[in-house]
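Descriptive analysis of the structure
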Amino acid sequence: MKVNAKQAYSIAGIAGNTVISKSGAVCVMYELFNPECYSLDVERLEQRHNDFFRAFKGMPAGTFIHKQDVFIRKSYKYEKTTETFIQQAEKKHFDGRQYLESNTYLIFLMAGLQSFTDSYVKNPIAYKENITKADEEKLHTFFEDVESAVTIMRKMRVTKVR
């Protein structure tokens, strides 16, 4: 018997920034653009913390929020044309220097959609999607709450969400 990748892995589907697994988990992922490190004073850090708290407090029970910071070491490339003395000095000083580029990912995860779990556990190879009304309502609430959290984060100063 041949088994293809779709049968072997537990991902039921990917749509945009959403991953649905056959085991009953739904993940929604966003890229978060934060302010530069050490660029906020104490008051703005406190306001940022309060905004995140306000964004996440309305999430339904069983929701996990994962923030992942990814750092990549890169070399700076000086791309300006070097004509003046200052531009030549800048090129000499910065070109080839190492720096860290940071990317932040925010993942909302809701597990425990019983209709996916039951169907997958019974027979993972002959898996079929049959979503119950209760799970459909859970999904609807989850997506609404994620969208409202993202809306709050988009209104935060010096923060962008994509």
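Here, the structure is the one placed above.
Described below are features of the structure shown in this document.

Right, let's talk about the overall build of the chain for a bit. When helices and strands are counted, the chain shows five helices and six strands. Burial analysis of the chain (162 residues in total) assigns 28% to the buried set. Taking the contacts inside the chain whose residues are at least 6 apart along the sequence as the reference set, 68% of them involve residues at least 24 apart. Counting every atom, the chain has about 11700 Å² of accessible surface; 56% of that belongs to carbon and sulfur.

A grouping of Tyr-76, Phe-94 and Tyr-99 is seen on the molecular surface, where their side chains present a nonpolar patch of about 280 Å² in accessible area. The residue Tyr-99 is located in strand β5 (residues 98–110) in this model.

Pairing of strand β1 (residues 11–15) with strand β2 (residues 18–21), which is carried by four bridges, proceeds in the antiparallel orientation. Looking at β2, one finds that Gly-13 is bridged to Ile-20. Where β1 hands over to β2, the hairpin turn is made up of two residues, of which Gly-16 adopts a positive phi near 65°.

Turning to the layout of surface pockets, a few remarks are in order. One water molecule sets the probe size; rolling that probe over the atoms shows where empty space is left. Reported here for the largest pocket is a volume of approximately 380 Å³. Forming the boundary of the largest pocket are 14 residues, of which Asn-34, Pro-35, Glu-36, Ser-102 and Asn-103 lie nearest the centre. Mapped by element, the contributors of at least two residues to the lining of the largest pocket are β3 (26–33), β4 (63–75) and β5. Broken down by element, the residue count for the lining of the largest pocket peaks at five residues, all from β5. Of the residues that constitute the lining of the largest pocket, the class distribution is six nonpolar, four polar and four charged. Roughly 170 Å³ of volume is contained in the second largest pocket. Surrounding the second largest pocket, Leu-40, Arg-44, Gln-47, Arg-48, Asp-51, Lys-155, Met-156, Arg-157 and Val-158 form its lining. Of the residues assigned to the lining of the second largest pocket, the class counts are three nonpolar, one polar and five charged.

Let us look at the environment of Ile-14. Tracing the sequence through the fold places Ile-14 in strand β1. Ile-14 sits 14 residues away from Val-28 along the chain, and the two C-alpha atoms are 9.9 Å apart.

Oppositely charged side chains can form a pair if their charged atoms are brought close together. What the rule picks out here adds up to five salt bridges. As a salt-bridge pair, Glu-101 and Lys-74 come within 3.1 Å of each other at their nearest N and O atoms. One end of the pair, Glu-101, is in strand β5; the other, Lys-74, is in strand β4, with 27 residues separating them in the sequence. The exposure class assigned to Glu-101 is partly exposed, which follows from its relative accessible area of 24%. The salt bridge partner of Arg-154 is Glu-147, with a shortest N-O separation of 3.9 Å. Looking at Arg-154, the relative accessible area reads 43%, which means it is partly exposed.

Conventions we followed
Residues numbered from 1 in each chain as written. Predicted model: local features only at pLDDT ≥ 70, side-chain atom pairs only at ≥ 80, totals over all residues. Heavy atoms only, no water. Helix = DSSP H or I, 4+ residues; strand = E, 2+ residues; numbered from the N terminus. Buried < 20%, exposed > 50% of the residue type's maximum accessible area, 1.4 Å probe, protein only. Contact = heavy atoms within 4.5 Å. Areas by Shrake-Rupley, 256 points an atom, 1.4 Å probe, with all protein chains shown as cover. Patch = residues over 30% accessible without salt bridge, like charges linked within 9 Å, V, L, I, M, F, W, Y side chains within 5 Å. Salt bridge = Lys/Arg side-chain N within 4 Å of Asp/Glu carboxyl O. Pairing = 2+ DSSP bridges. 1 Å grid on protein atoms, 1.4 Å probe; cavity = no way out; pocket = protein on both sides within 12 Å on 5 of 7 lines; lining within 4 Å. Points joined across faces, edges and corners; volume = space filled by probe spheres on them. Nonpolar A, V, L, I, M, F, W, Y, C, P; charged D, E, K, R; others polar.

Function cannot be inferred from these measures alone, as they are strictly geometric.
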